[in-house]
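Below, each chain spelled out in residue letters.
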Amino acid sequence: MDRIRIVGGARLNGRIPISGAKNAALPLMIASLLTAETLTLDNVPRLADVTLLKRILGNHGVDVAVAGKRAEQDAFAGETVKLTAGEIVDTLAPYDLVSRMRASFWVIGPLLARMGEAKVSLPGGCAIGTRPVDFFLDGLKALGATIEIEAGYVIAQAPAGGLKGARVSFPKASVGATHVILMAATLAEGETVIENAAREPEIVDLADCLTKMGAKIEGAGTSTIRVQGVARLHGARHSVLPDRIETGTYAIAVAMTGGEVLLEGARRDLLDAAFDVLVEAGVEVETTNEGVRVARNGHGLAPMNVVTAPYPGFPTDLQAQLMALAARAGGSSSITETIFENRFMHVQELVRLGAKIHLEGDVATIEGVDKLTGAPVMATDLRASVSLVIAGLAAEGETIVNRVYHLDRGFERLEAKLSQCGATIERLTG
Ligand code: UD1
């Protein structure tokens, strides 16, 4: 199994190109199931989750082609992926694929809308919490679907004549459930109103792409989305928006090590909550026409008090990284996790590097320390693992991060991006 070896202590200086957002690319690729014509996506990140989704979509009959070859000079450029679901040959999404990536459950929306049926495995357990699918199923039922659960599968059937527009009110904003009901509603008959919709930029990106495909959508990015169903969608071309979690992760890394890095192609407006926290802690952040410049020179970090929240709040996907940073702040910081109940698995690993963290319920109190010290640590999930990398960059001596396959799910060429800014980081294979 691959590991990552880091020798901490180097400041980061230079440029880091920001890839297309994983959490936008996945639903955009799934949206290709809604039309028989070709959906062309630019700036698709090269990630293990994207590769897995190509396979899952291929099983349903989607022809997936990658345009062009990666040129030497733009080694960090995203892929252009052409997806053509001319004919859906199978409406089954099997357990062995869905269990590896929760977002693959989302095919249920477009399959049901276009084919009138879908049999999709329940996603199963997840390291960061229970993550149920009740909002998805209640929403699809509101659109007229019959849902049965049998032997770990959701068997969904649209009424004769297809899904019908309806009012869908989520008890809590859910990114996945909003994506799914939005996609399903584009082909449902009449108007669908999604209330308490998630407002994440990735929802807006999906809505923009669906609109290019002929969908009629209003209000994406607010908590009420209105969709007028159309009979069919057509092909389109769309570029995936920059990854705000990757942006925040590298911004935190620079805050941690000191130095100055231009995050190329990053958009500050997608991540105001996190940048505000960094600025308050003493980090310099400046928007330029090439991206966002992040710097910390000389002075220390002030402690932080953060509560994770749905967009536009502080993202849960940056909670672990910020905790690594808080471990080096001067004084006591507190981080409250409100989205996932078990998302503190990085705590014990950060403690192994010398962090002082006290956990009580959903609140972590972090006492800043003068130095972290390298050690072998274990990655437990995608965002937790990158927090260990960040901590390792600032720790004295060598850190080995085990189980890095988690990182490959969501961070494109992490070692290359960091080492070109002066970090000592390498992958040990085998
Ligand atoms: C998405 C992101 C993930 C991010 C999360 C929250 C992708 C691929 N993943 O995950 O990176 O951490 O948003 O920003 O975009 N819930 C229910 N019932 C449901 C659905 C959700 O109770 O049917 C709960 C969840 O347990 C959680 C909350 O709603 O407490 C929000 O989860 P949700 O927004 O659905 O997360 P994901 O879409 O899975």
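Residues numbered from 1 in each chain as written. Predicted model: local features only at pLDDT ≥ 70, side-chain atom pairs only at ≥ 80, totals over all residues. Heavy atoms only, no water.

**Quick word on the environment of Val 386**
- Its place among the elements puts Val 386 in helix H12 (residues 382-394).
- In the structure, Val 386 is positioned 140 residues away from Glu 246 in sequence and 9.8 Å away in space, judged by C-alpha atoms.
- Setting aside its immediate chain neighbours within four residues, Val 386 contacts Thr 249, Gln 321, Leu 407, Phe 411 and Leu 414. (Helix = DSSP H or I, 4+ residues; strand = E, 2+ residues; numbered from the N terminus. Contact = heavy atoms within 4.5 Å.)

**Observations regarding the site of the ligand**
- With respect to spatial proximity, 19 residues lie near the ligand, and among them Asp 134, Ser 174, Val 175, Asp 317 and Ile 339 are the closest.
- Here Asn 23 contributes a side-chain N or O atom positioned 3.1 Å from an oxygen atom of the ligand.
- A distance of 2.6 Å separates an oxygen atom of the ligand from a polar backbone atom of Ile 339.
- Protein chains bury 90% of the 740 Å² of accessible surface belonging to the ligand in isolation.
- Those elements that provide at least two residues to the shell around the ligand are helix H5 (134-142) and helix H6 (175-186). (Near = heavy atom within 4 Å. Polar contact = N/O pair within 3.5 Å; in protein donor to acceptor, adjacent residues only side chain to side chain. Areas by Shrake-Rupley, 256 points an atom, 1.4 Å probe, with all protein chains shown as cover.)

**Observations concerning the pairing of strand E8 (residues 146-150)**
- Note: E8 against strand E9 (residues 153-157), five bridges, orientation antiparallel. Note on E9: the bridge partner recorded for Ile 147 is Ala 156.
- The antiparallel pairing of E8 with E9 creates a hairpin that spans two residues between the two strands, and Ala 151 there sits at a positive phi of about 50°. (Pairing = 2+ DSSP bridges.)

**Considering the sheet that holds strand E11 (residues 191-195)**
- Read from one edge of the open sheet, four strands run E10-E11-E13-E12, paired in mixed fashion. Strands with a single pairing partner mark the edges of an open sheet, and in this sheet they are strand E10 (167-169) and strand E12 (216-218). Averaged over all pairs of adjacent strands, the angle between strand axes in this sheet comes to 15°, irrespective of strand direction.
- In this structure, E10 lies alongside E11, joined through three bridges in parallel fashion. Residue pairing across strands places Val 168 opposite Ile 194, the latter belonging to E11.
- Contacts from H6 reach E10, E11, E12 and strand E13 (224-228), with the element oriented near 25° to E13. (Axes fitted to C-alpha atoms, helices over the stretch in contact; angles between N-to-C directions.)

**Thoughts on the domain arrangement of the protein chain**
- For the protein chain, the assigned domains read domain 1 (3-17 + 243-428) and domain 2 (22-233).
- The straight-line distance from the C-alpha centre of domain 1 to that of domain 2 is 30 Å.
- Residue-level contacts link 26 residues of domain 1 with 20 residues of domain 2.
- For the pair domain 1 and domain 2, the two sides together bury roughly 2,000 Å², of which 54% comes from carbon and sulfur.
- Three residues, Tyr 311, Arg 409 and Glu 412, lead the burial of domain 1 against domain 2; their summed loss comes to 31% of the area buried on that side.
- At the boundary of domain 1 and domain 2, one finds three salt bridges.
- For Arg 244, the salt bridge is made with Glu 202, and the minimal N-O distance between the two is 2.8 Å.
- Connecting domain 1 to domain 2 are six residue pairs in polar contact (both at pLDDT 80 or more).
- Listing elements by their share of the side of domain 1 that touches domain 2, those giving two or more residues are H12, helix H13 (405-410) and helix H14 (414-419). (Domains from an automatic or database assignment. Buried area = accessible area lost by both parts, 1.4 Å probe. Salt bridge = Lys/Arg side-chain N within 4 Å of Asp/Glu carboxyl O.)

**Notes on helix H10 (residues 319-326)**
- Within H10, eight of the eight residues are buried, leaving the element largely enclosed by the surrounding structure.
- Inspection of H10 places Gln 319, Ala 320, Gln 321, Leu 322, Met 323, Ala 324, Leu 325 and Ala 326 among the buried residues, and these make up the whole buried set. (Buried < 20%, exposed > 50% of the residue type's maximum accessible area, 1.4 Å probe, protein only.)

**Looking at the pattern of salt bridges**
- Applying the stated rule across the entire model yields 26 salt bridges.
- When the shortest N-O distance is used, the salt bridge between Arg 237 and Asp 42 registers 2.8 Å. Of the two residues, Arg 237 sits in strand E14 (residues 236-239) while Asp 42 sits in strand E3 (residues 38-44), which places them 195 residues apart along the sequence.
- By relative accessible area, which is 16% here, Asp 42 ends up buried.
- With a shortest N-O distance of 3.8 Å, Lys 164 and Glu 189 are connected by a salt bridge. Pair noted here: Lys 164 is in the loop between E9 and E10 and Glu 189 is in the loop between H6 and E11, with a separation of 25 residues, a long-range link.
- The class of Glu 189 is exposed, set by a relative accessible area of 52%.
- Here the salt bridges do not stand alone but share partners, grouping Asp 2, Asp 408, Glu 415 and Arg 427 into one network.

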